[in-house]
Amino acid sequence: MIKYVRGGHYSHHFDSSRENNDTETYGNRIATFMGIFTTAEEGGGKSVFGTRYHILATIFPNIGVTVVHSPGDAMLWFNLNPKYQTHQLSIHAGCPIYKGTKIGLTLWVRSKGQELRSLCPIETSSAFDYFI
Ligand SMILES: O=C(O)CCC(=O)C(=O)O
Ligand SMILES: [Fe+2]
């Protein structure tokens, strides 16, 4: 569960991590599911020109995507490239909240044991890139 109040935000980051005990056992975070329960009344971000605009959003700057939420929305995105390394296009951030409360649920899908691993030829496919 994540909850943001005024000033709350999640700076740009990748959801995948460096190798550790968890990645050894379960694999890295191949995908992220995020559900939105409540959106703030006012949120924001900054455009590339530095002007503030009011959005309640998760942004993916490397692919130019801004997802503006409503309660009940869900998002799913991929974090790894076909070699199971951090995908540079997956960097994202939760924009700061100015007013109200944003509550969501983030679930990370680990790569080990996923059907994708054995049934789809993602190692040789560029289709994977399309989904993030
Ligand atoms: O709050 C958001 O919009 C993004 C949250 C996020 O990136 C995360 O939980 O990993
Ligand atoms: Fe994230």
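As the structure is a prediction and not an experimental result, all values here were calculated from the model. (Residues numbered from 1 in each chain as written. Chains lettered and ligands numbered in written order. Predicted model: local features only at pLDDT ≥ 70, side-chain atom pairs only at ≥ 80, totals over all residues. Heavy atoms only, no water.)

Take the coordination of the iron ion (ligand 2) next. Put simply, a metal with four donors set out as a tetrahedron has ideal angles of 109.5 degrees, and one with six donors set out as an octahedron has ideal angles of 90 or 180 degrees. All of the protein donors around the iron ion (ligand 2) are H13 (NE2), D15 (OD) and H92 (NE2); their distances to the metal are 2.1 to 2.2 Å. Spacing between the donor residues of the iron ion (ligand 2) along the chain follows H-x1-D-x76-H. Here H13 is found in strand β2 (residues 10-13), whereas its partner H92 is found in strand β10 (residues 92-94), with 79 residues between them in sequence. Among the residues examined, H92 registers a relative accessible area of 3% and is labelled buried. (Donors = N, O, S within 2.8 Å, 3.2 Å for Na, K, Ca; no water. Helix = DSSP H or I, 4+ residues; strand = E, 2+ residues; numbered from the N terminus. Buried < 20%, exposed > 50% of the residue type's maximum accessible area, 1.4 Å probe, protein only.)

Here we come to the packing of aromatic side chains. The geometry of an aromatic ring pair is captured by the separation of the ring centres together with the interplanar angle, meaning the angle of the planes. Evaluated as defined, the whole model comprises 1 aromatic pair. An angle of 75 degrees between the planes, with centres 5.0 Å apart, marks the rings of F60 and W77 as edge-to-face. Taken together, the positions of F60 in strand β7 (residues 57-60) and W77 in strand β9 (residues 74-78) put the pair 17 residues apart, joining distant regions of the chain. Residue class for F60 comes out buried when judged on its relative accessible area of 6%. With a relative accessible area of 5%, W77 lands in the buried category. (Phe/Tyr/Trp six-rings, centres within 6.5 Å; stacked < 30°, edge-to-face > 60°.)

Inspection of the region around ligand 1 gives I2, Y4, Y10, H13, D15, M34, T58, H92, G94, K102, T106 and W108 as its neighbouring residues. Contact between ligand 1 and T58: an oxygen atom at 2.5 Å from a side-chain N or O atom of the residue. Within the side chain of K102, one N or O atom sits 2.8 Å away from an oxygen atom of ligand 1. Protein contacts shield 99% of the accessible area of ligand 1, which totals 290 Å² for the unbound molecule. (Near = heavy atom within 4 Å. Polar contact = N/O pair within 3.5 Å; in protein donor to acceptor, adjacent residues only side chain to side chain. Areas by Shrake-Rupley, 256 points an atom, 1.4 Å probe, with all protein chains shown as cover.)

Sheet topology places strand β3 (residues 29-38) next to strand β12 (residues 102-110); 8 bridges connect them, and they run antiparallel. Paired with M34 across the strands is T106, a residue of β12. Where β3 lies against β9, 5 bridges are found, and the strand directions are antiparallel. In the sheet register, G35 faces β9, and the bridge partner there is A74. (Pairing = 2+ DSSP bridges.)

An order of β2-β10-β7-β8 is seen for the 4 strands of this open sheet, with the pairing classed as antiparallel. Each edge of the sheet is formed by a strand with only one pairing partner; in this case those strands are β2 and β8 (65-68). Averaged over all adjacent pairs, the angle separating strand axes in this sheet is 10 degrees, with direction ignored. Across 4 bridges, the pairing between β7 and β8 is antiparallel. Residue pairing for β8: A57 is matched across the bridge by V68. (Axes fitted to C-alpha atoms, helices over the stretch in contact; angles between N-to-C directions.)

Now for the sheet that holds β3. With respect to topology, 4 strands assemble into an open sheet ordered β1-β12-β3-β9, the strand pairing being antiparallel. With partners counted over all chains shown, the strands left at the sheet margins are β1 (2-4) and β9, one partner each. With strand direction ignored, the average angle separating the axes of adjacent strands in the sheet is 25 degrees.

Worth remembering: the numbers are spatial, not functional.
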